[in-house]
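Coordinate inspection notes
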Amino acid sequence: MLDMFAKGGGDIHSARMVFDKMRDRNLVTWTLMITRFAQLGLLSDAVDLFCSMLLCGHTPDGFTLTSLLSGSVDMGWFSLGKQFHSWVIRSGLASDVCVGCTLVDLYAKCAAVGSVENSRKVFDSMPLHNVMSWTALISGYVQGRKEQEAMKLFCNMLHGRVAPNCFTFSSVLKACATLPDFSFGKELHGQTIKLGLSAINCVGNSLINMYARSGRTDCARKAFDILFEKNLISHSTDIDANAKELDSEESFNHDTEHTAIGASSFTYACLLSGAACLGTIGKGEQIHALVVKSGFGTDLCINNALISMYSKCGNKEAALQVFNDMGHRNVITWTSIISALAKHGFATEALELFHEMLEIGAKPNEVTYIAVLSACSHVGLIDEAWKHFNSMHYDHGISPRMDHYACMVDLLGRSGLLLEAVEFIRSMPFDADALVWRTFLGSCRVHRNTKLGEHAAKMILEREPHDPATYILLSNLYASEGRWDDVAAIRKCMKQKKMMKETGYSWIEVNNQMHKFHVGDTSHPQAKKIYDELDELALKIKNLGYVPNTDFVLHDVEDEQKDHYLFQHSEKIAVAFALISTPKPKPIRVFKNLRVCGDCHTAMKYISIVSGREIVVRDAYRFHHMKDGKCSCNDYW
DNA sequence: GTAGGGTTAG
C-alpha cells in the first residue's frame, strides 16, 4: 500500500501519511520511504528519515545507502554523497555491489569532490564488475574528456566478457564523436544495429550526435529517421525482447509521454546542436519546423538549443525571437542568450539582459559568468568586468574557476594591458594552467610582444609539451616580426615531433549545400570564376584605399608575392564564391574553423562596400557582421 | 525496496 501511494502518480504525501500511521516499521518500510523521497529529489526529507531511522535503532543496508547515494548524485550534492561514502566504509557496506556501483558513479560525476581517479579507486577496490560499474566508470572518463582512456576501458570490459548495454553504447559513442579515427564509431554503430539497440532513444541520440558533430548530416538524419520510425511503434515488443536478451536485468525506460508522438526532445536537441556546429541554418530551420510539428514547440531544452543554434548560425534576430517567445526560462536560457549577444558583438545588450536576469531573481551560475566576462572582453569593458568578477563570489557565492581567470587574462591582454595580465596570473590562488597561458600568448601575438610571448610559450610547453597550437602561435609571432629563421626552426621542430596543426578552412551554405574551401583551393567546379571574381574584387577595393597587410602572410616571400598569397585565403575564396552564386540582398554567412585573418577582416569590410552586401563571418572566437565598410566588432577582437 | 545514458550554457 505504501509503495502504491509512493509510486502511483508520485503522491508522496499520501505515502507519508500511511507511513506515519504505521505501528510497525521494519528496515524495508524505512528504506522504501527514503528511496521514494530521494527519487523525487526531496533529498533533505530522505536524509531526515534516515536520521529518524537510525534513532529508532535500525541498521541501514545496501539498499538504503544505494538510494541515498544515488539521490545525492542526481541532485549534484556531492559532499553529501561523500559523507555517505564514509558511512558506507564505517558500517562495512563497501562490499555491496550496488553501493559500489553507485559510488563509482558518484565520483565519476563530481569533478569538485575528486576526479575520475577517485571513481577509479572505488572501481578497483571492487572484487567483481558488472555492466553498471563499467559503464559508470567509462562515462566518467568520457565526461572528463579522456576519450582514449574510455575506449581502452571499453575494450577491457569486452575482454572481461561483460556485455555492454544501451547505456554503455551511449557513453562510448559519445567518446567516438571526438576521436579522429572514425572507423571505431562506424563499427559500434554496426554493433548496435545487430543488437537491436540502435533505435533505442539513448543509443539513437548518441548516434545522431556523433554523426551530426562530425559533419555527416546525412548519416545523422538516417539515424534520426530510424529512431523516429521505431518510436512510432511505441513499446514495440521486438526492441524490448532484444534488450532483454542482451541483459536480462535490464528493463528499458521508454518515455511513454514522448514515444507515442515520435522522437524525444533530446533527439531534437542533438540534431539542433549538430546543425549549430556546422552552421547550417537551412537544416536548423527544417528541424525547427519539425519540432513545432511534433508538438515540442514549448519544450525548454529544445528552445534553449534553438537559441544556441540560431546564434551559432549567425542569425541573432531569430535567436532573440525564440528567447522573447519563451514562456518559461531557466539559467541555461539566460546564459545562452547572453553569450549569443556577446559573441555577436552586442555586449551592452548582453549585460542589460544579465541585469534583467538578476532583477527577476534568476540565479546565475558559473557558466553565466563566463558569458558575462566574455561579453566584457569582446568590447574591452575592463571596469565592468572587474565589477562582475568580484561580485560573483561576494554576491552569488560562486568562486572563480580557471576559466573565469582565463576570461580576465583575455580581457586584460586583449586590451593591451599585458603586464597587468601577467601580474594577475601571478596573483591567482592556484597555478595557472595551459589554457590561461595560451590565452595570454594570443594577446602577445596581437600586441606583438615577443618577449612575453616566449615566456608564455615556455609556460604552456611545461604543462602541455605537445601542444601544436603553442608552436603555431609562437611561429606566427616570429613571422610578424620577420624572424624567418626562428619560424623555420619551429616548423622543423614540429615536423620532427610529427605534430599536426589543424589546417584552416572556410565553408558556406548555398542552396542547402555546403561548400568547403582550403587555402588556395582550386578543387571547386567553379574555381576559375571564383578566382576571376577575386581578382576583380582586389582591384576594386584597392581603389577604395585597401592596403594589403602582409603581416598575416606567414611565409618568407617577396612583398608582391605576399599580396598574391593573401588573396588565396579560404575566407576570401568563400566570400567570392557567395558573391557569384547568391542574389543581392541576401546576407553572406561564412564560417571558419580558426580565427579570421586580420587582412581578410579588413578586405571584407571593403568588399561589403563594393558589393553592397552584408557579410557575416563566424570564426572560432566570435561573429563579425560587416556592413557598409564597418564591422560589429569595431575592430576590437 | 537499489544502480547506469542522450541535450541545452564556456
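Quick caveat: nothing in here was measured; it's all calculated off a predicted structure.

Some points on the UniProt feature "repeat: PPR" (unreviewed entry) in chain A
Feature annotation in UniProt places "repeat: PPR" (unreviewed entry) on residues 26-60, 130-164, 330-364 and 365-400, given in this structure's numbering. End C-alpha to end C-alpha, residues 26-60 measures 10 Å, and it is 74% helix and 0% strand. End C-alpha to end C-alpha, residues 130-164 measures 9 Å, and it is 74% helix and 0% strand.

Details of the sheet that holds strand S3 (residues 588-592)
In space, the six strands of this open sheet follow the order S2-S1-S3-S4-S5-S6, with mixed pairing throughout. Every interior strand has two partners, whereas the edge strands, strand S2 (513-518) and strand S6 (630-631), have only one. Note: strand S4 (residues 615-618) against strand S5 (residues 623-627), four bridges, orientation antiparallel. By the bridge assignment, Val617 is partnered in S5 with His624.

Notes on the layout of surface pockets
The space that makes up the second largest pocket amounts to roughly 320 Å³. Contributing to the lining of the second largest pocket are 17 residues, with Ile281, Glu509, Lys586, Pro587 and Arg589 lying nearest its centre. Those elements that place two or more of their residues in the lining of the second largest pocket are helix H18 (281-293), strand S1 (505-510) and S3. Tallied by class, residues from the lining of the second largest pocket come to eight nonpolar, five polar and four charged. Mapping the lining of the second largest pocket onto the domain boundaries places at least three of its residues in each of domain 1 (264-328) and domain 4 (505-631).

Quick look at a negative patch on the surface
A cluster of acidic residues, Glu349, Glu352, Glu356 and Glu359, forms a negative patch at the surface. Positionally, Glu356 belongs in helix H22 (residues 347-359). For Glu356, a relative accessible area of 37% translates into the label partly exposed.

Let's talk about the protein's contact with DNA strand B
Near DNA strand B lie 48 residues; those nearest to it are Phe63, Cys98, Asn165, Cys202 and Asp403. In DNA strand B, the atoms that sit within 4 Å of the protein are 48% sugar and phosphate, with bases accounting for the remainder. Lys312 places a side-chain nitrogen or oxygen 3.3 Å from a phosphate oxygen of DNA strand B. For the surface near DNA strand B, the leading source of residues is helix H13 (residues 201-213), giving six residues. By residue class, the composition of the surface near DNA strand B is 15 nonpolar, 22 polar and eleven charged.

Re the pairing of S5
Buried residues dominate S5, accounting for four of its five residues. The hairpin formed by S4 and S5 contains four residues between the paired strands. Taken together, the two bridges between S5 and S6 define a ladder with antiparallel strand orientation. Within S6, the residue paired with Met626 across the bridge is Cys631.

How each quantity is defined
Residues numbered from 1 in each chain as written. Chains lettered and ligands numbered in written order. Predicted model: local features only at pLDDT ≥ 70, side-chain atom pairs only at ≥ 80, totals over all residues. Heavy atoms only, no water. UniProt positions renumbered as here; feature names shortened; annotations may be inferred. Helix = DSSP H or I, 4+ residues; strand = E, 2+ residues; numbered from the N terminus. Pairing = 2+ DSSP bridges. 1 Å grid on protein atoms, 1.4 Å probe; cavity = no way out; pocket = protein on both sides within 12 Å on 5 of 7 lines; lining within 4 Å. Points joined across faces, edges and corners; volume = space filled by probe spheres on them. Nonpolar A, V, L, I, M, F, W, Y, C, P; charged D, E, K, R; others polar. Domains from an automatic or database assignment. Patch = residues over 30% accessible without salt bridge, like charges linked within 9 Å, V, L, I, M, F, W, Y side chains within 5 Å. Areas by Shrake-Rupley, 256 points an atom, 1.4 Å probe, with all protein chains shown as cover. Salt bridge = Lys/Arg side-chain N within 4 Å of Asp/Glu carboxyl O. Lys, Arg positive; Asp, Glu negative; His and termini not counted. Charge placed at Lys NZ, Arg CZ, Asp CG, Glu CD. Buried < 20%, exposed > 50% of the residue type's maximum accessible area, 1.4 Å probe, protein only. Near = heavy atom within 4 Å. Polar contact = N/O pair within 3.5 Å; in protein donor to acceptor, adjacent residues only side chain to side chain.

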